[in-house]
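Structure assessment
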Amino acid sequence: MLHEDRLFPSDPRQRSIAQALYANVRNLPIVSPHGHTNPQWFAQNKPFENPAELFVTPDHYIYRMLYSQGVKLEDLGLRRLDGGSVETDPRQIWRRFAQHYYLFRGTPTRLWIDHAFETLFGLTERLSTSNADHHYDVIDAALKSPAFAPRALFERFNIEVIATTEGPLDQLKWHAMMRDSGWKGRVITAYRPDSVVDPDFVGFRGNIKQLGELTGEDSESWSGYLAAHRKRRAYFKTFGATSSDHGHPTALTADLDNAAAQALFSRVLASNSTTQDKELFRAQMLTEMAAMSCDDGLVMQIHPGSMRNHNPSLFATFGRDTGHDIPTRTDYVSALKPLLDRFGNRNDLTIILFTLDETTYSRELAPLAGHYPALRLGPAWWFFDAPESMIRFRELITETAGFYNTVGFNDDTRAFPSIPARHDVARRVDCSYLARLVATHQLDETEAHELAHDLAYQLAKSAYKL
Amino acid sequence: MLHEDRLFPSDPRQRSIAQALYANVRNLPIVSPHGHTNPQWFAQNKPFENPAELFVTPDHYIYRMLYSQGVKLEDLGLRRLDGGSVETDPRQIWRRFAQHYYLFRGTPTRLWIDHAFETLFGLTERLSTSNADHHYDVIDAALKSPAFAPRALFERFNIEVIATTEGPLDQLKWHAMMRDSGWKGRVITAYRPDSVVDPDFVGFRGNIKQLGELTGEDSESWSGYLAAHRKRRAYFKTFGATSSDHGHPTALTADLDNAAAQALFSRVLASNSTTQDKELFRAQMLTEMAAMSCDDGLVMQIHPGSMRNHNPSLFATFGRDTGHDIPTRTDYVSALKPLLDRFGNRNDLTIILFTLDETTYSRELAPLAGHYPALRLGPAWWFFDAPESMIRFRELITETAGFYNTVGFNDDTRAFPSIPARHDVARRVDCSYLARLVATHQLDETEAHELAHDLAYQLAKSAYKL
Amino acid sequence: MLHEDRLFPSDPRQRSIAQALYANVRNLPIVSPHGHTNPQWFAQNKPFENPAELFVTPDHYIYRMLYSQGVKLEDLGLRRLDGGSVETDPRQIWRRFAQHYYLFRGTPTRLWIDHAFETLFGLTERLSTSNADHHYDVIDAALKSPAFAPRALFERFNIEVIATTEGPLDQLKWHAMMRDSGWKGRVITAYRPDSVVDPDFVGFRGNIKQLGELTGEDSESWSGYLAAHRKRRAYFKTFGATSSDHGHPTALTADLDNAAAQALFSRVLASNSTTQDKELFRAQMLTEMAAMSCDDGLVMQIHPGSMRNHNPSLFATFGRDTGHDIPTRTDYVSALKPLLDRFGNRNDLTIILFTLDETTYSRELAPLAGHYPALRLGPAWWFFDAPESMIRFRELITETAGFYNTVGFNDDTRAFPSIPARHDVARRVDCSYLARLVATHQLDETEAHELAHDLAYQLAKSAYKL
């Protein structure tokens, strides 16, 4: 299934350059500075249960597509919040997946799955109804062998470092278990404070209380709340964290004076805060987090622009993160101004911007990152972590911001077996883009080799301080 | 003029794949599930009058371009509402068209016209001032032969089925005449209720009254009005309708309770309704139409985002649909939410979304259609029914929504002789896109053949229940 | 460094067509209808001081990129408003530039600089730390020879005509000096009235007074103010002006009646005008300028959509135009309507629209320009004056607006040595785009030759009446 030259341009001149560039980067270690793998896997090192649990049920790319074509989430084994009955036979789930696998033609999901099938399990025939059971049996058997336990896969994937993402209330017990186990795999955490920063987060007020208990700070006072953040950030740093991550509905920032911020905090803690209050609080907290980053050095990531839980009936039945978050139009130029007015000119702060709104690449993000020392651009994200979209990212960004205001690749995934495939796709696409510049005489081949290495490896290490 | 390999990539590897894919679909019957041909043509089967009447005066793509370069619409024979004098000599109109034909370089209009000239009339030299009279004479002579009557062309074009578009007040007499004539050509209607759904439509209140008279319902009461719609939809179904079509300024939907909807209806019937009332009424009616589709099975098409009649002086002189409707920024994520909250999870409803705002392809439309079972994406529409635009459609849609959440091609035209050309362009472009995926090893050639067939023929049939 | 085939497609068929097209246009004279070169250069014809002054300090493309990667503007010799100390040694500035030159990989800046280095100074090795001094010495020596004086370069660049840009308060003394010198180089001015049209312009009220003094009109009355504009426009025309230029934050236009306009003018002259008043005044003035253009024939250029001085601390330290103007979302469809309602249908008026928001190309600008006789589209501007962006411009514009509603190329630069490079890039990119159309059989090669000439030379001359 996997052609040696997949994703390279078909033009022979471009292809041969791309091949040469890729040959030098294909085996570089994986630096995965941002993602959502489960630290429990690496801490306990228990085998993955079965093919469906490894590939289907944790992957919203997969079940959203199947759902869009009429497959019920219950039939894919997604747990209902009400405990209602759902499919429990992993083989049945697998068969449904196989039956609809043709839907993924032309999508990145297929690139990732095919890659894992062939490189991990030696399966060279594309999944379909007719070979569903065979594939299931082969994968299921493999998963029972120690070579497919999480740590073995981690090593086989040649991962130099991977970051997970945890909230401030997390005690990081899996990270502690890993540390104490003596295992050498480098799995670090990242500070994702949504649960105590976003007043719309379920359980927000209780979370703030718990934050106080954890830290011994008076987390219901503004100064105590900020101090509690600082303590948790410091704690996360002891588990290797080099970054924080912020997933807000918009990129709005604010820079209130201390009294106004304090009053706002009181309002969002009370039950009568308005929608505007809540948005303003999230905005203010981005600036507060930037201030803390100036002190403690955490790299700040902003992932804005997703309308979470667009489908209320699915949300009611299955809960959050079940494939119906939808991008919205996002503004950066005005939204980031308060934060940038205060910190944008600093060389000792790094803020990495992501987007789900491609219209901002050339109009807003590249011009901003091509000016402010504190800003860098994260790679094509989420729906745009795919070959065509990655090429558009480079086309729309590079002419204004260059390569060195970008930060290499993030896989940003919870689908562990897809990680090598995702980095491989990114390397192939970047080499193809560079090959085009060489073939059209805009770049020397020696420069392209240097850039290919930077994009595949070095920029992520540097930008994320890894 | 027509090169056998037109629109195929020039890269030899991609081109040979595209040729092979296209060879298998080029002669498939035309399924035209949405358009604006005139049923009177097929009912009466009278010859087209002359070359100008066939090619120039009904085609706003043509006269808008000429107008933009200083040609007066009067000189192209467009009728003035005040009866003022305009050019009546079709040969003079034709000469003006020929003189400015170079303006269409690089546009789809030229692809369509050249295709019709060569395949229908054997004209192989591109239109210009020097051959204007020759072309006129050849076409004019041909039009007088029975082989160029509407039904003969319909058959020659290999049209399996074509949908026209009529309003609820239309008695469908031409469709009835066709049915009664025994002619076997399949010309069906589609339900386009703007005239009784849009309070800004000229004559709206009178139209509502007339709707009541037609149906015997009390169309000035909310329940009678809805019942009247149901009756007209049923009537349209007896003339083959499988779809409704909705051309609103925005994609806004609403889901008011019955009392609120009733009160709103009263306000828009009275003379004092506000702009907001009118917009809300259109929004509510999209949801009502979706509800009716759940009952009667009509596929629902939404064509939002055009600011109609941008040029008031042209509108005053020549009326609507004279080439000055201009796209506007369009939101879907919030706008469709009320309708989707109610019906988005249904597998027995199909809503086909179109756009004039390409920024929504990857940000909104693909993520929505890649999740909601009720949603499908219509093809690149209107200004985007052109090769580069169609490729962008696939590039921006496929990675998130795949191919199977799209619905094949719509020609959406009133320019009858352009229909084969338009479908041919779409087939060539889709085969080129597929060829690129094959040449970069993202798709097997056998899969590409299956997809080429689906995109050229099967998806339109299935999605529109034809 | 400069490959003969740079920027041409690597596909051999497309490349050979592009070569043939380019061969016929590469040596055409440069028509530069809009830009910001300094007329003092040509008036005094003094040699440029040193390499840093020629290449680095006047070019915000360069120092914004260096600044984004941590280089201080002081270290590049930019003058501080407070007279604080900055680098004054041009060789040190040059070394810093050389050290960071790798940042420009993949950007148009590098294309321009490499072109100037090689064609003007015979430097064929790419700038780096190791050859920084050598390059400096070679350029510095050359600048001392008469062959590198401004007028000599003007002639060597084969410039047929170039427009500078001046404000209404400018006496055009350098243009007068040129005229009186007997030099044959055609350097004309353009009327850019921001300083007396934009109430947010620093010194606005004083500027209005000064406008009155210059013209002998009562510039603080509405009618006197308009009369003063008319006089200055006439004065600019005596120095060759054929165009005006308008750089507003948005494209908003208005068409107030005389009383309302008069009252608005009084308000913006008083100290208490609101933000809305100021925006409305700018909007009204676009329409007033269009009215004057109908009388005096000046071509009107609108450059909207930049948020000026995004970085307040840099603005406070270094002033305006120092690399931190950031594009914003721009609307044209509603914004231009008042002006178009009044003047859009005129064939004797030309309004050239530019954008920093690429989303408007296909959604708004091409449909508008493909209809209104008064509208034309300016080329890809500012951040988009670069190969990928120029190709997008053609791809997104041509199918709806064709080629003949565009106006050729503008270099829009104050970086004099980059002018031949910029026109060369534009010619190469346009030839590549045309070659693709030929290679995919959408255009005949003879037509492509005609178009290549039009895009490189004729359209700019015609549209700007040069």
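Above: the structure in question.
A few points on the structure. Note that this is a predicted model, so its numbers are computed, not measured.

Here we take up the overall build of chain A. When helices and strands are tallied, chain A shows 20 helices and nine strands. Relative to a compact globule of 466 residues, whose C-alpha radius of gyration would be 23 Å, chain A shows 22 Å and is just as compact. Out of the 466 residues in chain A, the part that is buried amounts to 58%. Within chain A, contacts between residues separated by at least 24 positions form 75% of all contacts whose residues are at least 6 apart in sequence.

The next thing to look at is the packing of helix α19 (residues 419-439) of chain B against helix α20 (residues 445-463) of chain B. All names here are of chain B. Here α19 crosses α20 at 160°, and the two axes come no closer than 10 Å. Relative to α20, the element α19 lies roughly antiparallel. Note that α19 runs across α20; the crossing there is right-handed. Listed contacts from α20 to Arg427, Asp430, Cys431, Leu434, Leu437 and Val438 of α19 are Glu445, Ala448, Leu451, Ala452, Leu455 and Ala456. In terms of residue class, the contact of α19 with α20 is made up of nine nonpolar, no polar and three charged.

As a general point, the strands of a sheet are linked pairwise by backbone hydrogen bonds and lie either parallel or antiparallel. All names here are of chain C. The strand order across the open sheet built from three strands is β1-β2-β3, with neighbouring strands paired in parallel fashion. Edge strands, defined here as strands with exactly one partner in the open sheet, are β1 (30-32) and β3 (187-188). Relative to β3, strand β2 (residues 159-163) is paired through two bridges, and the arrangement is parallel. Its bridge partner being in β3, Ile162 is matched across the sheet by Val187.

The next thing to look at is the sheet that holds strand β4 (residues 243-246) of chain A. Residues and elements named next belong to chain A. Read from one edge of the open sheet, four strands run β4-β5-β8-β9, paired in parallel fashion. Two strands in the sheet have a free side with no partner beyond their single neighbour: β4 and β9 (375-377). Each strand of the sheet is rotated relative to its neighbour by a mean of 25°, with strand direction disregarded. Where strand β5 (residues 299-302) lies against strand β8 (residues 351-353), three bridges are found, and the strand directions are parallel. Note on β8: the bridge partner recorded for Ile302 is Leu353.

Our focus in this paragraph is the interface of chain A and chain B. With 37 residues of chain A at the interface, the matching set in chain B holds 36 residues. Sorting the residues of the side of chain A that touches chain B by element identifies α4 (60-68), α15 (312-318), β7 (326-327) and α18 (387-401) of chain A as the ones contributing at least two each. The element best represented in the side of chain A that touches chain B is α4(A), accounting for four residues. Looking at the side of chain A that touches chain B, its residues break down into 14 nonpolar, 15 polar and eight charged.

With that out of the way, let us pick up the packing of helix α18 (residues 387-401) of chain C against helix α19 (residues 419-439) of chain C. Residue and element names in this part refer to chain C. Closest axis-to-axis distance for the α18/α19 pair is 10 Å, and the angle between their directions is 45°. On the basis of their axis angle, the class for α18 and α19 is oblique. Where α18 crosses over α19, the two elements pack in a sense that is right-handed. Only Val425, Ala426, Val429 and Tyr433 of α19 make contact with α18, whose side of the interface consists of Pro387, Met390, Ile391 and Arg394. Residue composition of the contact of α18 with α19, by class: seven nonpolar, no polar and one charged.

Bringing the relation of the copies chain C and chain A into the picture now. Here chain C sits on chain A after a turn of 120° about the axis and a move of 0.0 Å along it, with an RMSD of 0.0 Å. Taken together, the turn and the small shift mark the pair as related by a three-fold rotation axis. Of all interface residues in chain C, a mere 5% are interface residues in chain A too; the two copies therefore contact each other through different surfaces.

With an RMSD of 0.0 Å, the operation that places chain A on chain B is a rotation of 120° combined with a shift of 0.0 Å along the axis. A low fraction, 5%, of the interface residues of chain A reappear at the interface in chain B, so the copies pair through non-equivalent surfaces.

Another aspect to go through is unusual backbone geometry. Residues and elements named next belong to chain C. In the Ramachandran plot, Asn45 falls in the positive-phi region, its phi being about 55° despite a non-glycine side chain. Structurally, Asn45 is set in the loop between α2 (39-44) and α3 (51-56). Positive phi is not limited to glycine here, since Asp412 has a value of about 50°. Along the chain, Asp412 falls in the loop between α18 and α19.

Turning our attention to the interface of chain C and chain A. The parts lose accessible area when they come together, and the size of an interface is often stated as this lost area. Tallying the contact residues gives 37 residues for chain C and 36 residues for chain A. Of all elements in the fold, only α4 (60-68), α15 (312-318), β7 (326-327) and α18 of chain C reach the threshold of two or more residues within the side of chain C that touches chain A. Of the residues in the side of chain C that touches chain A, the class split is 14 nonpolar, 15 polar and eight charged.

What follows covers the pairing of strand β2 (residues 159-163) of chain A. Two strands pair when backbone bridges link them, and strand β1 (residues 30-32) of chain A and β2(A) are joined in this way by three bridges, in the parallel orientation. Bridging across to β2(A), A:Val31 finds its partner in A:Val161.

All names here are of chain B. Taking 1.5 Å as the rise per residue, helix α1 (residues 12-23) with 12 residues should run 16 Å; its terminal C-alpha atoms sit 16 Å apart, in good agreement. Inspection of α1 places Gln14, Arg15, Ile17, Ala18, Leu21 and Tyr22 among the buried residues, and these make up the whole buried set. Here the buried residues of α1 occupy an arc of 165° about the axis, which is enough to place them on one side. If you follow the buried residues of α1, they end up packed against α19 and α20.

Residue placement: B:His324 occurs in the loop between α15 (312-318) and β7 (326-327). For the pair B:His324 and B:Pro58, spaced 266 residues apart in sequence, the C-alpha to C-alpha distance is 14 Å. Once residues within four sequence positions are removed from consideration, B:His324 is found in contact with B:Asn309, B:His310, B:Asn311, B:Leu314 and C:His371.

With that out of the way, let us pick up the environment of B:Ala415. Residues and elements named next belong to chain B. Note that Ala415 resides in the loop between α18 (387-401) and α19. A C-alpha to C-alpha distance of 21 Å links Ala415 and Leu7, two positions 408 residues apart in sequence. Excluding residues within four positions of it along the chain, Ala415 makes contact with Pro58 and Asp59.

With 11 of 11 residues buried, helix α17 (residues 359-369) of chain A lies mostly within the body of the structure. Among all positions in α17(A), only A:Thr359, A:Thr360, A:Tyr361, A:Ser362, A:Arg363, A:Glu364, A:Leu365, A:Ala366, A:Pro367, A:Leu368 and A:Ala369 are buried.

This paragraph deals with the pairing of strand β5 (residues 299-302) of chain C. Residues and elements named next belong to chain C. A two-sided burial pattern is seen for β5, the buried positions comprising Val299 and Gln301 on one face and Met300 and Ile302 on the other. Both strand β4 (residues 243-246) and β5 contribute to a ladder of four bridges, which runs parallel. Looking across to β5, one finds that Ser243 is bridged to Val299.

This paragraph deals with the environment of C:Thr440. Relative to the elements of secondary structure, C:Thr440 occurs in the loop between α19 and α20 (445-463). For C:Thr440, a count of 21 C-beta atoms within 10 Å corresponds to the buried category. Separated by 426 residues in sequence, C:Thr440 and C:Gln14 place their C-alpha atoms 8.9 Å apart. In contact with C:Thr440, not counting residues within four places along its chain, are B:Arg6, B:Leu7, B:Phe8 and B:Ser10.

Reading the values: rules and limits
- Residues numbered from 1 in each chain as written.
- Chains lettered and ligands numbered in written order.
- Predicted model: local features only at pLDDT ≥ 70, side-chain atom pairs only at ≥ 80, totals over all residues.
- Helix = DSSP H or I, 4+ residues; strand = E, 2+ residues; numbered from the N terminus.
- Rg over C-alpha atoms; globule rule 2.2 N^0.38 Å.
- Buried ≥ 20, exposed ≤ 12 C-beta atoms within 10 Å, placed from the backbone.
- Contact = placed C-beta atoms within 7 Å.
- Axes fitted to C-alpha atoms, helices over the stretch in contact; angles between N-to-C directions.
- Parallel < 35°, antiparallel > 145°, perpendicular 65-115°, else oblique.
- Left-handed = near helix turned anticlockwise from the far one by under 90°.
- Nonpolar A, V, L, I, M, F, W, Y, C, P; charged D, E, K, R; others polar.
- Pairing = 2+ DSSP bridges.
- Least-squares fit on C-alpha atoms with pLDDT ≥ 70 in both.
- Expected span 1.5 Å × (residues − 1).
- Arc of directions from axis to C-beta.

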